[in-house]
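# Chain and residue survey
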Amino acid sequence: MPVPLLDLDAQYRPLRDALLAAMTRVADSQRFIMGPEIDALEHELAAMLGIRHAVAVSSGTDALLLALMALDIKAGDEVVTPTFSFFATAGAVVRVGARPVLVDIDPATFNLDPAQTAAAITSKTKAIIPVHLFGLCADLDPIMDVASRAGIPVVEDAAQAIGASYKARSAGGIGAFGCFSFFPSKNLGAFGDAGLLTTNDDALADRARLLRTHGMQPKYYHHVVGGNFRMDALQAAVLRVKAPHLAAWTQGRRRNAERYRTLFRNAGLDAIVLPQEPAGYGHIFNQFVIRTPERDALKRHLDDLKIGNEIYYPVPFHLQPCFADLGYRRGAFPHAERAADESLAIPIYGELTAEQQETVVSSIAEFVHRKVGVTR
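Residues numbered from 1 in each chain as written. Predicted model: local features only at pLDDT ≥ 70, side-chain atom pairs only at ≥ 80, totals over all residues. Heavy atoms only, no water.

Our next topic: the pattern of salt bridges. Tallying each qualifying case throughout the model produces 16 salt bridges. A salt bridge links R52 to D202; the shortest N-O distance between them is 2.5 Å. One end of the pair, R52, is in the loop between α2 (36-49) and β1 (53-57); the other, D202, is in helix α7 (residues 202-212), with 150 residues separating them in the sequence. Given the relative accessible area of 54%, R52 is considered exposed. The residue K299 makes a salt bridge to D303 at a minimum N-O spacing of 3.7 Å. (Salt bridge = Lys/Arg side-chain N within 4 Å of Asp/Glu carboxyl O. Helix = DSSP H or I, 4+ residues; strand = E, 2+ residues; numbered from the N terminus. Buried < 20%, exposed > 50% of the residue type's maximum accessible area, 1.4 Å probe, protein only.)

This brings us to the pairing of strand β11 (residues 288-291). Of the two faces of β11, the one lined by F288 and I290 and the one lined by V289 and R291 are each fully buried. Direction of pairing for β11 relative to strand β12 (residues 343-346): antiparallel, over a ladder of 4 bridges. Considered in β12, the bridge of R291 is made with S343. (Pairing = 2+ DSSP bridges.)

Owing to its 3.6 residues per turn, the α-helix brings residues three or four apart onto one side. Along its 21 residues, helix α9 (residues 246-266) runs 30 Å from first to last C-alpha, staying within 8% of the 30 Å computed at 1.5 Å per residue. Along α9, the residues classified as buried are L246, W249, T250, G252, R253, N256, A257, Y260, R261, L263 and F264. One or two residues past the end of α9 sits G268, with phi positive at roughly 70°. (Expected span 1.5 Å × (residues − 1).)

Buried residues dominate strand β8 (residues 177-181), accounting for 5 of its 5 residues. Both faces of β8 are covered, namely the face carrying F177, C179 and S181 and the face carrying G178 and F180. Looking at chain direction, strand β5 (residues 155-157) and β8 are connected through 3 bridges and run parallel. Within the sheet, the bridge partner assigned to E156 lies in β8 and is G178. Two strands pair when backbone bridges link them, and β8 and strand β9 (residues 195-199) are joined in this way by 4 bridges, in the antiparallel orientation. If you follow G178 over to β9, its bridge partner there is T198.

A grouping of F32, I33 and L234 is seen on the molecular surface, where their side chains present a nonpolar patch of about 230 Å² in accessible area. Relative to the helices and strands, I33 is located in the loop between α1 (8-29) and α2. Judged by its relative accessible area of 41%, I33 falls in the partly exposed class. (Patch = residues over 30% accessible without salt bridge, like charges linked within 9 Å, V, L, I, M, F, W, Y side chains within 5 Å. Areas by Shrake-Rupley, 256 points an atom, 1.4 Å probe, with all protein chains shown as cover.)

With respect to the secondary-structure elements, D62 resides in helix α3 (residues 60-70). The buried charged residue D62 lacks any salt bridge partner; its closest oppositely charged side chain belongs to R95, at an N-O distance of 4.2 Å. Dropping the residues within four chain positions of it, D62 is found in contact with R95 and F229. (Lys, Arg positive; Asp, Glu negative; His and termini not counted. Contact = heavy atoms within 4.5 Å.)

Turning our eyes to something else, we now look at the sheet that holds β8. Taken together, 4 strands build an open sheet; the order of strands is β1-β9-β8-β5 and the sheet is mixed. Because the sheet does not close on itself, it has two edges, and the strands there are β1 and β5. With strand direction ignored, the average angle separating the axes of adjacent strands in the sheet is 20°. In this structure, β1 lies alongside β9, joined through 5 bridges in antiparallel fashion. Bridge pairing in β9 places A56 opposite L196. Contacting β1, β5, β8 and β9, α3 runs over the sheet at an angle of about 160° to β8. (Axes fitted to C-alpha atoms, helices over the stretch in contact; angles between N-to-C directions.)

We now examine the layout of surface pockets. Of the volumes computed, that of the largest pocket is approximately 380 Å³. Element by element, the count of residues in the lining of the largest pocket is highest for α3, at 3 residues. Residues of the lining of the largest pocket, tallied by class, amount to 9 nonpolar, 11 polar and 3 charged. As a volume, the second largest pocket reaches approximately 210 Å³. (1 Å grid on protein atoms, 1.4 Å probe; cavity = no way out; pocket = protein on both sides within 12 Å on 5 of 7 lines; lining within 4 Å. Points joined across faces, edges and corners; volume = space filled by probe spheres on them. Nonpolar A, V, L, I, M, F, W, Y, C, P; charged D, E, K, R; others polar.)

Moving on, we get to the nonpolar core. Counting residues in hydrophobic clusters, the biggest one holds 42 residues, and the most contacted among them are L45, I162, F182, L188, L196, M231 and L239. Listing elements by their share of this core, those giving two or more residues are α1, α2, β1, α8 (233-242) and α9. Sorting elements by how many residues they give to this core places α8 first, with 6 residues. Ignoring any residue separated from it by four or fewer positions in sequence, one finds F182 in contact with L45, I162, L188, G189, A190, G192, A194, G195, L196, M231 and L239. Residues V101, L102, F110 and A339 belong to the second largest nonpolar core, which totals 30 residues. (Core = buried A, V, L, I, M, F, W, Y, C linked by side-chain atoms within 4.5 Å.)

Right, dumping it as structure tokens:
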């Protein structure tokens, strides 16, 4: 039985009528840029996340870029980031003219290593970007502590972590800014690109809103050079329909993660490393990423069986051609390099059935046991 990595249609069908009605409402209003849909979404998401300000933007990438611009990060500055993440984390730093100072990950969580983060700080460091990768928050307490002592703002890259929590605090509400993505594959996905910037700081929220529309206030009077980072009203309307279902969808992903743990254990797949959820963390499982040294061969096996899977991410930042001028070499960050070689995401979406999960695990077991047999 083929199993897709993600089945967007399974989520869409029960909401189809409400989604079409929301889009029709926007079409009939002819208010496509900013306006009441954006205002309502920002209010609803701020309340849902328990964060003072939510600023709707054009994408998760633009949320990161806007956060750095609002913090006045510029040429000559340094920003500490993990070397293992989606490209936008480091790409946004370069786009404002700053230098990404890369740091290795904690091999157990895939997230920024706090000790190495502290060691990477210099007099030029103007921000730290911890990434809540795959839906699990980075270990923020030590990062926030060293950042506070150094007077450095923290920008949470929560693109994959809407609804995640760290010691009873919401992802995106702990640092100076939180940056979220509503790319269609995210736990809360739009019908195209969209994102969100969050903050509890009134002044930072005002500056972000100003920069979002070319630094314009009032119309055609520009105080600073900003950008066009506005979310379309159609995307806001879609997200307003979907957001009330996020908690249930997250619970479905968490239930499926727990079922996977049972299935892997019962199948005797101890050689496969499963994702961790440390005590006090609330993992939302945007991805369920397993690890094995036989990753590439396992991927080919699952591809042949039409079992959805994906490699997140095959090349760390320090080995990307566009970052060659940063001067890093292979071996600089061994935990990230090993994760890039061993990690593989398998289906975890909330609508995934028990039968589909059994198919996924039995397919992996077939591969592992065959490899063991060959070894013997």
